[in-house]
Amino acid sequence: MKLVIVITGASSGFGALTARSLAHAGHIVYATMRETTGRNSPEVTEIARYAAEHGVDLRTAELDVASDASVEAGIAKIISGNGRLDAVIHNAGHMSFGPAEAFTPEQLAQLYDINVLSTQRVNRAALPQLRKQGRGLVVWVSSSSARGGTPPYLSPYFAAKAAMDSLAVSYASELARWGIETSIIVPGAFTKGTNHFVHSGSPADKARAAEYDEGPYAGVPEQVLNGLASLEPTDADVDAVAQAIARVVDMPFGKRPFRTHIDPSQDGCEIVNGVADRVRAEMFRRIGLEDLLSPRVIG
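Regarding the overall build of the chain
Move 1: Helix and strand content of the chain: nine helices and seven strands.
Move 2: A compact globule built from 299 residues would reach a C-alpha radius of gyration of about 19 Å, and the chain, at 19 Å, matches this within 12%.
Move 3: Summarising the internal contacts of the chain: among those between residues at least 6 apart in sequence, 77% fall at separations of at least 24.
Move 4: As displayed, the chain offers around 13,900 Å² of accessible surface, 54% of which is attributable to carbon and sulfur atoms.
Move 5: Here the chain carries 28 positive and 33 negative side-chain charges, and the mean point of each set is 10 Å from the other.

Structure (structure tokens):
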């Protein structure tokens, strides 16, 4: 079935690759991003070229996940143009790297805004349509850092992704009776093939960061980055994340996995998530809400 799909943060990385994979699967895909007529205009041109060359229905749409007005306008325009919206993929995100103490509270707030609050903006704009239809899919691109091995100097990003994952879990049970399915994708630490580490934010308090870098934590940043890279198999391919998302989207309604892990480095997240998700399911059974563990078929 051809679905109308919105992907946030699709100018590069997982988002861009996923948009292409889903378009090749025959769906109507909106690769959304901010500044489509400014900074990201080359990406818009490239997406249009790619769609024409491959004969796929891959489109772009202006959507700044940090702006209520932009999100509301972007989602409304997509719904108006198609008469429906079938799937939302929360992919937008930003990474940071440095000692936690050296980040200002404002920097943490901005990071939470992009990684967590953005999903709330998109949900509030998109979910009324999905609930009206009585059928839909919400895919959340989480991170193995939410529950896996967590090396130092990545704590603001790790905390934000953990919050986003927790929000996804809560939303899943609140959307099930509306006929909306939830699937959480959990990529590991891919150090190559995306701009996550290249474009990661750094602490604003340079003096505080220097106290760490010139003190007992000298050399730790390099050890973290080199260590993560050494755990990653040489054949690790970020496109595996896009392919996993495409497979989940194309599965029959009600049969999609609650979580899918793509973690070549095997940092332990899959084990911890397995336990946490079983505890959640058991709690729901104990309080008589077992039906919320899977989406209701409506109509």
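Topic: unusual backbone geometry
Move 1: The backbone of E35 shows a phi angle near 50°, a positive value even though the residue is not glycine.
Move 2: When its relative accessible area of 36% is taken as the criterion, E35 is described as partly exposed.
Move 3: You will see that Q266, though not glycine, has its phi angle at about 50°, which is positive.
Move 4: Within the fold, Q266 resides in the loop between β7 (259-262) and α9 (269-286).
Move 5: Residue class for Q266 comes out exposed when judged on its relative accessible area of 59%.

Thoughts on helix α7 (residues 220-231)
Move 1: Helix length check: α7, at 12 residues, gives a terminal C-alpha distance of 16 Å against a target of 16 Å (1.5 Å per residue), a fit within 8%.
Move 2: For α7, the complete set of buried residues consists of V220, P221, V224 and L228. Looking straight down α7, one finds that the buried residues subtend no more than 110° of arc, so they occupy a single side. When the buried face of α7 is taken as reference, the exposed residues oriented beyond 90 degrees from it are Q223, N226 and S230.
Move 3: Those residues of α7 that are buried are in contact with α6 (206-213).

Quick notes on a negative patch on the surface
Move 1: Taken together, the side chains of E211, D213, E214 and E222 define an acidic patch exposed on the protein surface.
Move 2: Tracing the chain through its elements places E214 in the loop between α6 and α7.
Move 3: For E214, a relative accessible area of 69% puts it in the exposed group.

Here is what the cut-offs are and how they apply
Residues numbered from 1 in each chain as written. Predicted model: local features only at pLDDT ≥ 70, side-chain atom pairs only at ≥ 80, totals over all residues. Heavy atoms only, no water. Helix = DSSP H or I, 4+ residues; strand = E, 2+ residues; numbered from the N terminus. Rg over C-alpha atoms; globule rule 2.2 N^0.38 Å. Contact = heavy atoms within 4.5 Å. Areas by Shrake-Rupley, 256 points an atom, 1.4 Å probe, with all protein chains shown as cover. Lys, Arg positive; Asp, Glu negative; His and termini not counted. Charge placed at Lys NZ, Arg CZ, Asp CG, Glu CD. Buried < 20%, exposed > 50% of the residue type's maximum accessible area, 1.4 Å probe, protein only. Expected span 1.5 Å × (residues − 1). Arc of directions from axis to C-beta. Patch = residues over 30% accessible without salt bridge, like charges linked within 9 Å, V, L, I, M, F, W, Y side chains within 5 Å. Salt bridge = Lys/Arg side-chain N within 4 Å of Asp/Glu carboxyl O.

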